[in-house]
Amino acid sequence: MKCRADLTTMRTSAFRALSFSAAFALTLNPLLTPVIAADYRPVAQVAADGQMNARFLSLGIGKSIVIDLPRDIKDVLVADPKIANAVVRSAQRAYIIGAAIGQTNIVFFDSAGQQIAAYDIAVKRDLNGVRAALKQLLPNSDIQIDGLGDGVVLTGSAANPLEAQQANDLAARLAGGADKVVNSIIVRGRDQVMLKVTVAEVARTIVKQLGIDLTANLNYGTSVVSFTNSNPFTALGRNLVDGNNLTTKFGSTPSVQATLRAMETAGVIRTLAEPNLTAISGESATFIAGGEFPVPAGYACDPTTHVCTTQISFKKFGISLNFTPVVLSEGKISLRVMTEVSELSNENAITLSQAVTSNSVNSLTVPSIKTRRAETSLEIPSGGAMAMAGLIQQQTKQAVSGLPGLMQLPVLGTLFRSRDFVNNATELVVIVTPYVVRATAPKDLSRPDDGFAAPADPQAELLGNINRIYGVPGRTEPAKNYRGTYGFITD
């Protein structure tokens with residue numbers, strides 16, 4: 001026993017001597033201080049409730065991470081093993097594996113029951129494959145994708161709206177629906193599209209009318225027989241003859257009066273409308289130039305005064321354009337276009353009459369609207385043109401009216417009939433031309449009234465001018481071989 005005590009005393013003295021020597025050496029030279037795990041790991045702060053602040057850790061489903069701890073692990077607490085689990089492989093190393101989408105926490109303890117480290121685990125979808133696909137499919141965009149619960153969040157910037165939509169569709173397919181995608185992508189430099197629409201139409205009309213009206217009075221003693229044959233023109237639905245009559249009378253008793261009615265007309269109508277409109281890619285734009293005309297909508301009567309007034313509603317007509325452009329790729333544009341050209345016409349007009357007194361009647365003529373409308377979706381390269389709609393129509397009407405039986409005679413039948421011939425031909429085309437445009441300097445743009453100058457009083461009174469020949473001050477006109485004066489042309 002005495003030997004053991006002496007050996008223990010000697011060991012204690014030697015350990016104290018070594019400890020004092022080591023402490024003295026470290027005091028003299030701090031560079032010789034040994035590095036331990038606790039020195040290069042951030043020291044976790046202790047919360048007010050005595051628990052160590054947990055570190056946040058994000059994992060994908062089926063993914064794992066290696067955790068190295070500064071002290072030996074004695075016990076592990078996993079709040080929900082269905083979401084994440086911890087596997088201890090050595091005294092100071094553990095593996096954390098993500099199992100299902102959700103959140104949980106894992107706490108490591110040492111042999112003394114002290115907390116070594118704590119982790120708040122958020123298990124999300126594995127998005128590495130999607131990130132690689134976004135980078136490969138959309139190299140011109142910088143789009144990031146992160147998990148949020150059972151959904152995803154898209155951030156970053158896209159080169160154009162098409163790539164932003166493609167990234168959104170890819171994320172929606174991954175998450176299982178568009179409602180699980182939060183799209184915060186910013187589109188860089190959204191393209192602007194100018195659409196030029198040309199509506200050109202030429203309509204030709206030919207009308208020929210020829211008819212003979214006969215009126216005769218035959219006397220047989222005290223009896224008088226009157227004969228009247230008036231043949232209408234029915235091809236257009238109304239009689240267009242006005243004043244083209246030639247009347248001849250034969251005999252006195254009996255008397256025969258023949259009236260030759262004839263008309264031939266030819267007309268041409270040219271319609272040209274070119275509305276232009278600019279909109280941001282993905283946004284809609286509307287343009288309209290026209291007016292409204294009143295149409296009777298009914299009568300409203302005051303029950304007290306028994307006075308009735310005509311109610312008026314307004315119908316629109318003119319030129320309208322509505323389109324939604326989407327720039328698919330560099331120079332390729334998808335369009336949703338609706339264009340319309342309408343004008344007032346007397347072809348199908350109606351006349352409304354209202355008796356004011358027993359001897360007076362008020363009449364109101366309501367015109368019809370002739371409309372050309374086209375609506376479609378198409379894809380065109382920037383600067384290219386496409387015939388959006390076209391129409392070639394030819395309509396021929398012919399009507400023969402007369403007295404039954406007599407009108408079918410080979411030669412004399414002409415005296416008892418009228419012939420009405422109408423030929424309408426219409427040719428219509430709608431052409432669309434989109435352009436990807438950029439903003440320009442104001443000095444490079446011109447207005448229709450640039451340089452307009454009103455005439456002086458002597459020019460207006462003596463020469464009858466309504467404007468002066470003009471040139472824009474400070475602007476260099478292009479060198480062209482003009483002869484004479486130029487400017488506004490007045491017919």
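Anyway, here's the lowdown on the structure attached to this text. (Residues numbered from 1 in each chain as written. Predicted model: local features only at pLDDT ≥ 70, side-chain atom pairs only at ≥ 80, totals over all residues. Heavy atoms only, no water.)

Topic: the nonpolar core
In step 1: Judged by nonpolar contacts, the single largest core of 22 residues is most densely connected at Leu 195, Phe 323 and Leu 335.
In step 2: Mapped onto this core, the elements with two or more residues apiece are β12 (192-220), β16 (276-280), β18 (308-329), β19 (332-355), β20 (361-381) and β22 (417-437).
In step 3: Once residues within four sequence positions are removed from consideration, Leu 335 is found in contact with Leu 195, Phe 323, Thr 324, Pro 325, Thr 376, Ser 377, Leu 378, Ile 380 and Pro 434.
In step 4: Counting 18 residues, the second largest nonpolar core, distinct from the first, contains Ile 96, Ile 106, Ala 117 and Tyr 119. (Core = buried A, V, L, I, M, F, W, Y, C linked by side-chain atoms within 4.5 Å. Buried < 20%, exposed > 50% of the residue type's maximum accessible area, 1.4 Å probe, protein only. Helix = DSSP H or I, 4+ residues; strand = E, 2+ residues; numbered from the N terminus. Contact = heavy atoms within 4.5 Å.)

Re helix α4 (residues 161-175)
In step 1: With 15 residues, α4 should reach 21 Å at 1.5 Å per residue; the first-to-last C-alpha distance of 21 Å fits that figure.
In step 2: On its buried face, α4 is in contact with α3 (128-137), β8 (142-148), β9 (151-158), β10 (181-183) and β11 (186-187).
In step 3: Two residues or fewer after α4 comes Gly 176, characterised by a positive phi angle close to 95°. (Expected span 1.5 Å × (residues − 1).)

Description of the packing of aromatic side chains
In step 1: Inspection of every chain in the model, using the stated rule, returns 2 aromatic pairs.
In step 2: Plain terms: the ring middles of Phe 108 and Tyr 119 are 6.3 Å apart, the flat faces sit at 80° to each other, and that makes the pair edge-to-face. Highlighted residues: Phe 108 in strand β6 (residues 102-109) and Tyr 119 in strand β7 (residues 115-124), separated in sequence by 11 residues.
In step 3: Where Phe 293 meets Phe 317, the ring centres are 6.1 Å apart and the plane angle is 55°; that geometry is what we call tilted. On the criterion of sequence distance, the pair formed by Phe 293 in strand β17 (residues 285-301) and Phe 317 in strand β18 is long-range, its members being 24 residues apart.
In step 4: Phe 293 gets classed as buried once you look at its relative accessible area, which sits at 7%. (Phe/Tyr/Trp six-rings, centres within 6.5 Å; stacked < 30°, edge-to-face > 60°.)

Details of the layout of surface pockets
In step 1: In this model, the largest pocket occupies a volume close to 900 Å³.
In step 2: Every residue lining the largest pocket is counted, 31 residues in all, and those nearest its centre are Thr 205, Ser 345, Glu 347, Lys 370 and Asn 424.
In step 3: Every element with two or more residues in the lining of the largest pocket is listed here: β12, β15 (255-273), β19, β20, β21 (386-402) and β22.
In step 4: Class assignment of the residues belonging to the lining of the largest pocket gives a composition of 11 nonpolar, 12 polar and 8 charged. (1 Å grid on protein atoms, 1.4 Å probe; cavity = no way out; pocket = protein on both sides within 12 Å on 5 of 7 lines; lining within 4 Å. Points joined across faces, edges and corners; volume = space filled by probe spheres on them. Nonpolar A, V, L, I, M, F, W, Y, C, P; charged D, E, K, R; others polar.)

Digging into the pairing of β22
Both faces of the sheet carry side chains from a regular strand, because those side chains alternate between them.
In step 1: Both β12 and β22 contribute to a ladder of 20 bridges, which runs antiparallel. Residue pairing for β22: Leu 210 is matched across the bridge by Arg 419.
In step 2: Relative to β22, β21 runs antiparallel, the two sharing 16 bridges. Paired with Val 400 across the bridge in β22 is Arg 419. (Pairing = 2+ DSSP bridges.)

Brief notes about the sheet that holds strand β1 (residues 55-60)
In step 1: Pairing is mixed across the open sheet formed by 4 strands, whose spatial order is β1-β7-β6-β3. Each of the sheet's edge strands pairs with one partner strand only, and the pair in question is β1 and β3 (75-78). This sheet shows a mean twist of 25° between the axes of neighbouring strands, independent of strand direction.
In step 2: Examined bridge by bridge, β3 and β6 share 4 bridges and lie antiparallel to one another. The residue of β6 that forms the bridge with Val 76 is Phe 108. (Axes fitted to C-alpha atoms, helices over the stretch in contact; angles between N-to-C directions.)

Interpretation note: all reported values are geometric properties and have no functional meaning in isolation.
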